[in-house]
Amino acid sequence: PPQTAARGRGRATARARDAGSRRARGGARSRARATTRTTTATRATTEGAGEDASAEGKMPRRALAVKTATLVAALSALPMDKRALAEGSIESSYWEQVELPLEPGVILLDIAFSSNDPKHGFLLGTRQTVLETKDGGKTWDVRDLSGLLDDDVNYRFNSVSFCGDEGWIIGKPAVLLHTTDGGANWERVGLSPRLPGAPVLITAVQDNGTAEMVTDEGAIYFTKDAARNWKAAVEETVSATLNRTVSSGITGASYYTGTFSTISRNDNGEYLGLSSRGNFYMSWAPGQAYWQPHNRTSARRVQSMGWRPDGGIWELTRGGGIFFSAETGLPEEDSEFNEGRIGSRGFGLLDLGYTPSGKTFWTVGGSGSVFYSTDAGKSWKRDRGTDNVAANLYNVKFQSEDQGFILGNDGILLRFTGAKL
């Protein structure tokens with residue numbers, strides 16, 4: 001049962017956002033200067049400890065629909081300037097907070113827009129959250145897809161991706177939705193109950209039914225016929241690979257039973273997967289039969305990592321550190337990383353994103369922390385205007401040079417205003 005699976009699998013991603021959500025409600029609202037020690041998941045998280053059971057537990061579909069409709073009606077009845085936003089006010093010159101028809105406690109997980117219509121997009125989150133915009137993200141409405149879902153199950157939608165008008169949504173418990181008309185209509189595609197791990201990342205590779213799906217246990221699958229058939233790209237999960245190669249000297253790999261806390265894909269189809277412990281990472285490139293482990297000699301645990309636009313790698317370490325590989329491609333040793341100058345104030349940094357041109361980097365983290373760099377990450381400036389945002393910010397994504405969003409817990413969504421830096 002989904003409720004038992006949510007408790008039993010013990011996903012590192014669930015613990016990460018659980019911790020982050022509790023810190024946002026406590027640490028952020030009191031503005032305590034304590035270090036935010038959350039572990040981010042890209043792209044797959046759950047709510048607070050008390051919410052974990054309900055997020056994936058049993059809830060009648062009719063009750064959920066009535067609850068959502070009541071909330072939307074109540075919000076719509078309020079004057080625009082009276083509708084509830086997060087605690088505190090945002091005074092940023094670059095970001096504005098967007099009101100959403102959501103209850104407090106929802107964690108936003110992913111956002112994507114149709115490449116044929118940059119104003120039409122979808123926003124996903126916990127508690128079966130799917131929101132839709134047709135004005136570039138200025139306003140959002142609830143999109144009810146409950147007719148495609150199982151009764152008595154409250155899904156958490158982890159990832160959404162579009163190529164042209166073809167789009168995909170995946171969630172946990174394992175569910176896959178597909179559209180070919182820009183999201184006007186969605187259909188559910190069956191997934192095998194033997195799928196190793198929970199689906200956490202979906203990528204629409206082309207608009208002809210081609211997509212890639214990855215689970216938190218490192219299973220990678222390809223489809224070229226709109227998910228009617230899937231082909232495995234790796235021969236075993238990361239646990240099997242590491243437990244088979246204990247002699248490789250990878251710290252923490254022996255008897256490994258964990259999952260990836262973050263998974264990142266670049267435009268070449270290469271993947272980076274960070275271990276849930278943050279002490280090593282693995283990589284995969286098309287044509288390889290197994291994930292390739294990479295050891296780390298530094299005592300600093302990595303919070304999140306991903307690809308730079310030039311092909312290099314970025315790392316965010318616990319305690320607010322930020323590092324970049326000295327060269328493009330995968331570094332061989334920790335010494336090949338350079339530390340960026342950033343005054344994180346001890347708050348954890350949870351994600352890094354950049355504009356399509358690669359000219360501007362943004363990083364976000366605990367207690368409303370937002371920083372930007374205009375020199376490829378060598379130096380950073382803090383956006384003090386977001387300090388009063390009472391939330392942890394988990395994800396920053398840019399669709400174009402002037403269209404970007406920051407996603408956080410408690411239903412926090414920040415929209416880039418397009419202001420020049």
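See the structure above.
### Focus on the overall build of the protein chain
Then comes step 1: Within the protein chain, the regular secondary structure consists of 5 helices and 28 strands.
Then comes step 2: When each of the 421 residues of the protein chain is scored for burial, the buried share is 57%.
Then comes step 3: Taking as baseline every contact in the protein chain between residues at least 6 positions apart, the subset at least 24 positions apart corresponds to 53%.
Then comes step 4: Accessible area of the protein chain: about 17300 Å², with a carbon and sulfur share of 47%.

### Observations regarding the sheet that holds strand 24 (residues 370-373)
Then comes step 1: In space, the 4 strands of this open sheet follow the order 22-23-24-25, with antiparallel pairing throughout. In the strand order of this sheet, the two ends are held by strand 22 (349-354) and strand 25 (381-382), each with one partner.
Then comes step 2: Where strand 23 (residues 361-365) and strand 24 come together, 4 bridges link them in antiparallel fashion. When the sheet's bridge partners are listed, Phe 361 is paired in strand 24 with Ser 373.

### Considerations on the sheet that holds strand 20 (residues 321-325)
Then comes step 1: Ordered in space as 18-19-20-21, the 4 strands form an open sheet in which the pairing is antiparallel. Edge strands, defined here as strands with exactly one partner in the open sheet, are strand 18 (302-307) and strand 21 (337-339). Neighbouring strand axes in the sheet, compared pairwise and without regard to direction, differ in orientation by 25° on average.

### Overview of the pairing of strand 26 (residues 393-400)
Then comes step 1: Where strand 26 meets strand 27 (residues 403-408), 6 bridges bridge the pair, whose relative direction is antiparallel. If you follow Phe 398 over to strand 27, its bridge partner there is Gly 404.

### A look at unusual backbone geometry
Then comes step 1: Residue Pro 173 is bonded to the preceding Lys 172 through a cis peptide linkage, with omega at -5°.
Then comes step 2: With respect to the helices and strands, the residue Pro 173 is situated in the loop between strand 7 (166-172) and strand 8 (175-179).
Then comes step 3: Although it is not a glycine, Ala 226 adopts a positive phi angle of roughly 60°.
Then comes step 4: Mapped onto the elements, Ala 226 comes out in the loop between strand 12 (220-223) and strand 13 (231-232).
Then comes step 5: Positive phi is not limited to glycine here, since Ser 367 has a value of about 55°.
Then comes step 6: Relative to the helices and strands, Ser 367 resides in the loop between strand 23 and strand 24.

### Regarding the pairing of strand 7
For a regular strand, the rule is simple: side chains alternate between the two faces of the sheet.
Then comes step 1: Buried residues dominate strand 7, accounting for 7 of its 7 residues.
Then comes step 2: Every second residue of strand 7 is oriented toward a common face, with Glu 166, Trp 168, Ile 170 and Lys 172 on one face and Gly 167, Ile 169 and Gly 171 on the other, all of them buried.
Then comes step 3: Here 7 bridges tie strand 6 (residues 156-163) to strand 7, and the two strands are oriented antiparallel to one another. Following the sheet pairing, Ser 161 is matched in strand 7 by Trp 168.
Then comes step 4: When strand 7 meets strand 8, the two strands line up antiparallel, connected through 5 bridges. Bridge pairing in strand 8 places Gly 167 opposite Thr 179.

### With respect to the environment of Ser 283
Then comes step 1: Topologically, Ser 283 is positioned in strand 16 (residues 281-284).
Then comes step 2: On the basis of relative accessible area, Ser 283 is assigned to the buried category, the value being 5%.
Then comes step 3: Sequence-wise, Ser 283 and Arg 265 are 18 residues apart; in three dimensions their C-alpha atoms are separated by 9.9 Å.
Then comes step 4: Beyond its immediate sequence surroundings of up to four residues, Ser 283 is in contact with Tyr 271, Leu 272, Gln 288, Tyr 290, Trp 291, Gln 292, His 294 and Leu 330.
Then comes step 5: Side chain to side chain, Ser 283 and His 294 meet in a polar contact 2.7 Å long.

### Structural notes on the packing of aromatic side chains
Then comes step 1: If you walk through the whole model with that rule in mind, you get 22 aromatic pairs.
Then comes step 2: The interplanar angle of 80° and the centroid separation of 6.4 Å between the aromatic rings of Trp 140 and Phe 405 together place this pair among those described as edge-to-face. Of this pair, Trp 140 sits in the loop between strand 4 (129-133) and strand 5 (141-142) while Phe 405 sits in strand 27, placing them 265 residues apart in sequence.
Then comes step 3: The class of Trp 140 is buried, set by a relative accessible area of 4%.
Then comes step 4: Arranged with centres 6.4 Å apart and planes meeting at 15°, the rings of Tyr 155 and Phe 157 form a pair that is stacked. With respect to class, Tyr 155 is no different from Phe 157; both count as buried.
Then comes step 5: One aromatic cluster is present, formed by Tyr 94, Trp 95, Trp 362, Tyr 372, Phe 398 and Phe 416 through successive ring pairs.

### Side note on the environment of Gln 288
Then comes step 1: Within the element layout of this structure, Gln 288 appears in the loop between strand 16 and strand 17 (292-294).
Then comes step 2: For the pair Gln 288 and Val 234, spaced 54 residues apart in sequence, the C-alpha separation works out to 7.2 Å.
Then comes step 3: One polar contact links the side chain of Gln 288 to the main-chain amide nitrogen of Ala 285, over a distance of 2.9 Å.

### Concerning the pattern of salt bridges
Then comes step 1: By the definition in use, this model includes 11 salt bridges.
Then comes step 2: Linking Glu 96 and Arg 415 is a salt bridge whose minimum nitrogen-to-oxygen distance equals 2.6 Å. Linking Glu 96 in strand 1 (residues 95-97) with Arg 415 in strand 28 (residues 413-416), this pair joins segments that are 319 residues apart in sequence.
Then comes step 3: For Arg 415, a relative accessible area of 17% gives the class buried.
Then comes step 4: Between Arg 143 and Glu 132 there is a salt bridge; the shortest N-O distance is 3.2 Å. In this pair, Arg 143 is assigned in the loop between strand 5 and strand 6 and Glu 132 in strand 4, connecting sequence segments 11 residues apart.
Then comes step 5: Residue classification places Arg 143 among the buried positions, given a relative accessible area of 18%.
Then comes step 6: A single salt-bridge network, built from bridges that share partners, covers Arg 345, Arg 382 and Asp 387.

About the thresholds
Residues numbered from 1 in each chain as written. Predicted model: local features only at pLDDT ≥ 70, side-chain atom pairs only at ≥ 80, totals over all residues. Heavy atoms only, no water. Helix = DSSP H or I, 4+ residues; strand = E, 2+ residues; numbered from the N terminus. Buried < 20%, exposed > 50% of the residue type's maximum accessible area, 1.4 Å probe, protein only. Contact = heavy atoms within 4.5 Å. Areas by Shrake-Rupley, 256 points an atom, 1.4 Å probe, with all protein chains shown as cover. Pairing = 2+ DSSP bridges. Axes fitted to C-alpha atoms, helices over the stretch in contact; angles between N-to-C directions. Polar contact = N/O pair within 3.5 Å; in protein donor to acceptor, adjacent residues only side chain to side chain. Phe/Tyr/Trp six-rings, centres within 6.5 Å; stacked < 30°, edge-to-face > 60°. Salt bridge = Lys/Arg side-chain N within 4 Å of Asp/Glu carboxyl O.

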